[in-house]
Amino acid sequence: EYSGTTTLGNAMIEWTRDKMGAQIGFHEHWKYPHIAHSELTEEEQTQMLAISPRMKELIQRNNLEYHLQPSFYRDADHNMIGFYIEEAIYGPLYFGYGTPDQPPDRAPLLRAIERTVLELGPETTLVHLKVTPDVIQKRMKDILVQEAILRERDVEHVVQRFQEEYDNAIFFNRIELDTSSAPVEETLADLVDQMGPYWTE
């Protein structure tokens, strides 16, 4: 949250439409209560937040598994914002599951998911949006994010955890972009440039 993932995703949608004539979208539903393709009602959001950690974990595991099916990968493009890394960081921190003492532990699941993704889409590119903790804290004060879950006290920890998971990931195609001060247009241009070796026909 507050690193610019949604903003960059929306810019990428416009860029691919303008430059390639492509109609793409993004899957971005890995944080409670926003775990569905379409927006939940306020009542549904309240219900989702009220369920037990065990049920939250079960729902998210099914959500992850759905996005790892070979039939899902029949389409040419898959664009995920957050996906399994976001879920593995925020689940233990805010939703009461995913650590060794709150099973199932998300740590071994991370690499298993990556192996599956590489089997289904070996050209997959992992993009890490970096931002300094002080910039995130300022954005938290300046930008209203509906149902934001990140807490100011956890910012440094969360920034560190995303860096760790990016560093530990087994993807061959990898890009890091610093969004601390760059406007979205500059970040998009940098992404497109770094994607150069990774585009398929």
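Structure: see above.
The present account deals with the structure reproduced in this document. Every residue gets a number counted from 1 within its own chain, in the order that chain's sequence is written. Only residues with pLDDT of at least 70 get local features here, since the model is predicted, and only at 80 or more are side-chain atom pairs given and counted; chain-wide, interface and lining totals rely on the full set of residues. Computation of side-chain values covers all heavy atoms of the structure but excludes hydrogens and water.

**Thoughts on the pattern of salt bridges**
Salt bridges are identified by distance alone: a Lys or Arg side-chain nitrogen within 4 Å of an Asp or Glu carboxyl oxygen. Under the counting rule described, the total for this entry stands at 13 salt bridges. Asp154 serves as the salt-bridge partner of Arg153, at 3.8 Å between the closest nitrogen and oxygen. In this structure Asp154 comes out as buried when scored by relative accessible area, which is 11%. If you follow the salt bridges from partner to partner, you end up with Arg111, Glu114, Arg161, Glu164 and Glu165 in one network. Residue exposure (1.4 Å probe, protein chains only): buried if accessible area is under 20% of the type maximum, exposed if over 50%, otherwise partly exposed.

**Some words on unusual backbone geometry**
Backbone torsion omega between Tyr32 and Pro33 reads 0 degrees, so that peptide bond is classified as cis. Tracing the sequence through the fold places Pro33 in the loop between helix H1 (5-20) and helix H2 (42-50). Positive phi values are uncommon outside glycine, yet Phe83 reaches one of about 45 degrees. Secondary structure elements follow DSSP: runs of H or I of four or more residues count as helices, runs of E of two or more count as strands, with numbering from the N terminus. Relative to the elements of secondary structure, Phe83 occurs in helix H4 (residues 83-95). What makes Phe83 buried here is its relative accessible area of 6%.

Keep in mind these values describe shape, not function.
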